[in-house]
Amino acid sequence: MEEKEGEEMEQNINKSVMLLILATGVFGILNTEMGFIGILPYIAEYYQVSVVQAGWLISLFALGVAVAGPTMPLLLSRFNRKHVMVFILGLFTLCNVIAVFAESFYVLLAVRVLPAFFHPVYCAMAFTVAAGLARTGEEPKMVAKINMGVAAGMVAGVPISNFLAEQFSLAASMAFFAAATMLVMLATLWFIPSLPVKERLSYGKQLSVLKKPMVWASIVAVIFLNGSIFGVFNYLAEYLGVVSGVAPALTSILLFVYGLCNIFGSMLAGNLLTVRPLATVKAFPFAATFIYLALLSGGSAWPFMGIVVVFWGILAGINGNINQYWISHAAPEAPDFANGLFLTAANLGCVLGTTISGKFIETLGMEFVVLGGLLCCALSAVVIFIQCSGMKRQSVEYA
């Protein structure tokens, strides 16, 4: 009996170590992606290019992720996942090392864009492996821990890279990106066991999930769900200054608090999606709507805005988990491909939401940016409730 308990404890420890490494790996990759936002002015100055040109490092990376989302995880789904993850972490490390010494802006651009095509592969596999480590019915809890790595990467990347560039040099920021992915690569080599694909699915079988109307409905729902959050959040810094009258220093603190609340939201979502998944998904658009109506009704002044940022950040953390859950449960027979679709849909949602909210800003002013979020909330609610009403007829298991 004691021997059996000891084996079970050892298995749990091994699972915890694997989850920590996977979450840290996702952190390293998201840190590389988001960290460049904090050093764009330094890049523009160092390479003697405009800030708009420096922005190509962000937009082309995002475009690479969106294009690779549904394709690269599919193409590499047959290979041993440990080998693929080590390769990707090694590629990110190599490209970041080259970036440290790059004297040409176009060399920097090339080594920035290349790993972007493998970004969704690592993240998709991390979600799949985490879900595979869970007991039946507790997959969302494991996936939530990976999403915490995503949230941490988004929170830490910008301020750390900005601090290193300001206090030391641009090269120091690039070196930090390289060190983060290199350490995870070594940890993966030493501590992650071989992860061969137990049941190799043909490309045709994985692509066949696209024949399911529920998969397409889930993709559309995730586009609107992510648009409802990021369509407004991407203008939050300007909103805080222009509408709420928050000082720049306090704005930075609030953005950091928002990111920390993302992490807490991911933790909370793991439990919510395990216990009451459908109720959580259906309630989300209404919770986000409540936040935006509060802002629209005149509650955008400081210090009320500080309270809003806390709850908004928690909702954003829950949103990331809902997005992954909703698509992966629509296509459970092709987990890597489904996670790739999730990443693409999430990126498309960010672009769509930002565009819609931008149009409201241009037409009505910054204080009406929340109308973009409200529109996406309404559209996501419609799609989700149509899906829920059709689940029994199509025998799709989400609960």
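Because the structure is a prediction, the values reported are computed rather than measured. (Residues numbered from 1 in each chain as written. Predicted model: local features only at pLDDT ≥ 70, side-chain atom pairs only at ≥ 80, totals over all residues. Heavy atoms only, no water.)

### Re the nonpolar core
Logical step 1: Grouped together as the largest cluster of nonpolar side chains are 123 residues, with contacts concentrated most on Ile-43, Tyr-122, Tyr-292 and Trp-312.
Logical step 2: Looking at this core, the element that brings in the most residues is helix α16 (residues 304-328), giving twelve residues.
Logical step 3: Leaving out residues up to four positions away in the same chain, Trp-312 has contacts with Ile-229, Val-232, Phe-233, Leu-236, Tyr-258, Ile-291, Tyr-292 and Met-305. (Core = buried A, V, L, I, M, F, W, Y, C linked by side-chain atoms within 4.5 Å. Buried < 20%, exposed > 50% of the residue type's maximum accessible area, 1.4 Å probe, protein only. Helix = DSSP H or I, 4+ residues; strand = E, 2+ residues; numbered from the N terminus. Contact = heavy atoms within 4.5 Å.)

### Brief notes about the environment of Ala-110
Logical step 1: With respect to the helices and strands, the residue Ala-110 is situated in helix α7 (residues 105-113).
Logical step 2: Residues Ala-110 and Phe-233, 123 residues apart in the sequence, show an inter-C-alpha distance of 29 Å.

### Description of the packing of aromatic side chains
Logical step 1: Within this structure, the stated rule accounts for 13 aromatic pairs.
Logical step 2: Ring centres of Trp-56 and Phe-105 lie 6.4 Å apart, and the angle between their planes is 50 degrees; on these two criteria the pair is classed as tilted. Taken as a pair, Trp-56 in helix α4 (residues 56-68) and Phe-105 in helix α7 lie far apart in primary sequence, 49 residues in all.
Logical step 3: Aromatic side chains Phe-127 and Phe-342 sit 5.6 Å apart centroid to centroid with 70 degrees between the ring planes, which places their arrangement in the edge-to-face category. Taken together, the residues span a long stretch of sequence, with Phe-127 in helix α8 (residues 119-132) and Phe-342 in helix α17 (residues 335-364) at a distance of 215 residues.
Logical step 4: Take Phe-127: its relative accessible area is 2%, and that puts it in the buried class.
Logical step 5: Judged by its relative accessible area of 6%, Phe-342 falls in the buried class.
Logical step 6: Chaining the aromatic ring pairs together yields one cluster made of Tyr-46, Tyr-47, Trp-56, Phe-105 and Tyr-106. (Phe/Tyr/Trp six-rings, centres within 6.5 Å; stacked < 30°, edge-to-face > 60°.)

### Observations concerning the packing of helix α12 (residues 213-233) against α16
Logical step 1: Where α12 meets α16, the closest approach of the two axes is 10 Å, and the angle between their N-to-C directions is 160 degrees. Classified by the angle between their axes, α12 and α16 sit roughly antiparallel to one another. Between α12 and α16 the crossing geometry is left-handed. In this structure, α12 uses Ser-218, Ile-219, Ala-221, Val-222, Leu-225, Asn-226, Ile-229, Val-232 and Phe-233 to contact α16, whose residues at the interface are Trp-312, Ala-316, Asn-319, Ile-322, Asn-323, Trp-326 and Ile-327.
Logical step 2: The residue makeup of the contact of α12 with α16, split by class, is twelve nonpolar, four polar and no charged. (Axes fitted to C-alpha atoms, helices over the stretch in contact; angles between N-to-C directions. Parallel < 35°, antiparallel > 145°, perpendicular 65-115°, else oblique. Left-handed = near helix turned anticlockwise from the far one by under 90°. Nonpolar A, V, L, I, M, F, W, Y, C, P; charged D, E, K, R; others polar.)

### Brief notes about the state of the cysteines
Logical step 1: Considering all chains together, one arrives at zero disulfides under this definition.
Logical step 2: The thiol sulfur of Cys-95 is not disulfide-bonded, and the nearest other cysteine sulfur, from Cys-123, lies at 16 Å.
Logical step 3: Just so you know, Cys-261 is unpaired, no disulfide at all, and the nearest cysteine sulfur is the one on Cys-377, 18 Å from it. (Disulfide = S-S within 2.5 Å.)

### Concerning the packing of helix α14 (residues 248-275) against helix α15 (residues 277-296)
Logical step 1: It is the contact of α14 with α15, at a shortest axis distance of 5 Å, that shows an interaxial angle of 120 degrees. The orientation of α14 with respect to α15, classified from their angle, is oblique. Judged by residue contacts, Leu-272, Leu-273, Thr-274 and Val-275 of α14 engage Pro-277, Thr-280 and Val-281 from α15.
Logical step 2: Counted by class, the contact of α14 with α15 contains five nonpolar, two polar and no charged residues.

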